[in-house]
Amino acid sequence: MDYLLALDQGTSSSRSILFDRNGQIVGLAQQEFTQHYPQSGWVEHDALEIWRTQLVTMQKVLHQSAVDIARVRAVGITNQRETSVLWDRATGQPLGPAIVWQDRRGEPLCRQLRDQGHEPMILEKTGLRLDAYFSATKLAWMLEHLPQARARADKGELLFGTIDSWLIWQLTGGKVHATDVTNASRTMLFNVHTGQWDSQLLDLFQIPPSLLPQVMPSSAHYGDIPADLLGYALPICGVAGDQHSALFGQACTRAGMAKNTYGTGCFALLHTGTRFTASENGLLTTRVAQYGQQQPEFALEGSVFVAGAAVQWLRDGLGIIKRSRDVQALAQSVPDTGGVMFVPAFTGLGAPYWKADARGTLVGINRATTAAHIARAAVESIAYQSAALLSAMARDGVGLEQLRVDGGASVNDALMQFQADLLGIPVLRPQVVETTALGAAYLAGLQSGIWSDVEQIEQLWRIDKTFEPAMSRDQAQACMQQWEKAVAQTICGT
Ligand SMILES: Nc1ncnc2c1ncn2[C@@H]1O[C@H](COP(=O)(O)OP(=O)(O)O)[C@@H](O)[C@H]1O
Ligand SMILES: O=P(O)(O)OC[C@H](O)CO
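In this text, all values refer to a predicted model and were calculated from it rather than measured experimentally. (Residues numbered from 1 in each chain as written. Chains lettered and ligands numbered in written order. Predicted model: local features only at pLDDT ≥ 70, side-chain atom pairs only at ≥ 80, totals over all residues. Heavy atoms only, no water.)

What the rule picks out here adds up to 28 salt bridges. Two residues, Arg 105 and Asp 103, come together in a salt bridge whose shortest N-O distance is 2.8 Å. The class for Asp 103 is buried, based on a relative accessible area of 0%. A single salt-bridge network, built from bridges that share partners, covers Arg 81, Glu 82, Arg 186, Asp 242 and Glu 301. (Salt bridge = Lys/Arg side-chain N within 4 Å of Asp/Glu carboxyl O. Buried < 20%, exposed > 50% of the residue type's maximum accessible area, 1.4 Å probe, protein only.)

In structure tokens:
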């Protein structure tokens, strides 16, 4: 039996998962790492801690499982997207903290560029809204504010990367500086039509081209991890941003298929084939994972910034649960939220609202409100936000017949049922909800010859549970109206 090792570097934790050729998990190691919130709207990670936790989980999973490392054919990497690192090409030391995708500090530059009228050009080239979510303004901020950064970048002493590039560079001992098309398509510096870094965008954000990694297809031989790191040399053969990887791991390989991943944030992607569809309702257009010589393919994406992170806040901020999964019992201990609505806009609101300055709101609290009501409202907020962006997709003319789901919070049955109720379509949860990692394993397996084509991968998708809508459409609509009212209260005054 041959195996694949997938590295899933997420916002909350680093994970390493071993898959067999049937796409089944045979080993998993996971480690959470520190989130830094130095000021309102700022979110940082320590890039070296990311690397350390990733390496530890790789070593752990190989050590703990019964798998002979000589049977591991290849490594696939998938990662939190947009999060940006700037490091010294000679020493490998980051110049400062990694600026996380949720971080809003690039907003003043976005506003300035919006006022100057650059947004339509950016949207046309990148498929992205001019927003601090993407890497460009994070990198511009680092070049402007980190000591010596601009001067050293101009001298060619520094490298930039999203987390995939950072890990590839570390794993190959500084030999390879590369990224894949999906990660590149989240930087706002990459032309999704030509598949190249765009010189007009580099000029606009004042980014020296020498900082940038080489862009490769998602399924390709990126380089090798030397034997001294894991005891055996392993090739890196697949790389994709986590949401693109999950789309592939869900076998959504054709136009019209969609998935929603419930992690720290929530990300719904709808495959639109070779057609570049520009949304009129606040969604993004992005590249899907590229394998073989296929021409560029696109997806429409809706991104919710805070989903499972709201549950983490109940755990770490309010201390009303001990572990994230305890939210289920607490939320189910009351029949409803008692009129409470929670809009967890900790770092602004993403699709379809795009309100960078919004901050979280709890509405409808009364003297009878308990921790259980707030917990239930937090869980429901995940489904409400997802429903809002899927209805934006419908307004763009693409109504879904079903939705495939995955990610850490998709194990919550009550959440999935409420999601089906709000959407009015079946919600399908596969047996393997680690589809983000699975997608990276598939991409690596295609390149290393474990699977010869995508049809073989499509056949591996297996359903665990279907959640059929049980609520009347009138009731679902009334719920959505309550939600939109709460969002309006959150937005007013921003
Ligand atoms: N049973 C649950 N119900 C709701 N949210 C959950 C549950 N279990 C975990 N979560 C949330 O899911 C997130 C972890 O999912 P994961 O897919 O690992 O995220 P990421 O890839 O962003 O690190 C955390 O934010 C956690 O709070
Ligand atoms: O870490 P996740 O799974 O919440 O995903 C983060 C996204 O890639 C951000 O765009």
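Having seen the model, we can carry on.
Turning our attention to the UniProt feature "binding site: ADP" (unreviewed entry) in the protein. Here the UniProt feature "binding site: ADP" (unreviewed entry) sits at Thr 11, Arg 15, Thr 264, Gly 308, Gly 408 and Asn 412. Narrowing the list just given to those that line the largest pocket leaves Thr 11, Arg 15, Thr 264, Gly 308, Gly 408 and Asn 412. In this structure Arg 15 touches Ala 6, Leu 7, Asp 8, Leu 28, Ala 29, Gln 30, Gln 54, Thr 57 and Glu 434, once residues within four positions along its chain are discounted. Among the secondary structure elements, Gly 308 is positioned in helix α11 (residues 308-318). Residue contacts for Gly 308: discarding those within four places in its chain leaves Gly 263, Thr 264 and Ile 382. (UniProt positions renumbered as here; feature names shortened; annotations may be inferred. 1 Å grid on protein atoms, 1.4 Å probe; cavity = no way out; pocket = protein on both sides within 12 Å on 5 of 7 lines; lining within 4 Å. Contact = heavy atoms within 4.5 Å. Helix = DSSP H or I, 4+ residues; strand = E, 2+ residues; numbered from the N terminus.)

Let's shift gears to the sheet that holds strand β23 (residues 463-467). A sheet is described by the order of its strands in space; here seven strands give the open sequence β17-β18-β16-β15-β21-β22-β23, paired in mixed fashion. Whereas interior strands pair on both sides, the edge strands pair on one side only; in this sheet they are β17 (284-287) and β23. Looking at each pair of strands side by side, their axes are set apart by 30° on average, direction ignored. As paired strands, strand β21 (residues 403-406) and strand β22 (residues 427-430) are joined by two bridges and run parallel to one another. Residue pairing in the sheet places Arg 404 in a bridge with Leu 428 of β22. (Pairing = 2+ DSSP bridges. Axes fitted to C-alpha atoms, helices over the stretch in contact; angles between N-to-C directions.)

Attention now goes to the environment of Leu 270. Assignment of secondary structure puts Leu 270 in strand β16 (residues 266-273). Among the residues examined, Leu 270 registers a relative accessible area of 0% and is labelled buried. For the pair formed by Leu 270 and Asn 412, sequence separation is 142 residues and the distance between their alpha carbons is 23 Å. What Leu 270 contacts, discounting residues up to four positions off in sequence, is Gly 256, Met 257, Ala 258, Phe 298, Ala 299, Leu 300, Met 393, Val 398 and Leu 400.

Taken together, the neighbourhood of ligand 1 is formed by 20 residues, with Arg 15, Thr 264, Ser 324, Gln 328 and Gly 408 sitting nearest. Protein chains shield 89% of the accessible area of ligand 1, which is 590 Å² for the free molecule. Comparing atom positions with the cavity grids shows ligand 1 to sit within the largest pocket. With four residues, the single largest contributor to the shell around ligand 1 is α11. Classifying every residue of the shell around ligand 1 by side-chain character gives five nonpolar, 13 polar and two charged. (Near = heavy atom within 4 Å. Areas by Shrake-Rupley, 256 points an atom, 1.4 Å probe, with all protein chains shown as cover. Sits in = over half its atoms within 2 Å of the grid points. Nonpolar A, V, L, I, M, F, W, Y, C, P; charged D, E, K, R; others polar.)

With 18 residues, helix α1 (residues 47-64) extends 26 Å between its outermost C-alpha atoms, agreeing within 8% with the 26 Å of an ideal straight helix rising 1.5 Å per residue. Of the residues making up α1, those classed as buried are Ala 47, Glu 49, Ile 50, Trp 51, Thr 53, Gln 54, Leu 55, Thr 57, Met 58, Val 61 and Leu 62. Among the residues of α1, the N-terminal cap falls to Asp 46, whose side-chain oxygen and the backbone nitrogen of Leu 48 are separated by 2.9 Å. (Expected span 1.5 Å × (residues − 1). Polar contact = N/O pair within 3.5 Å; in protein donor to acceptor, adjacent residues only side chain to side chain.)

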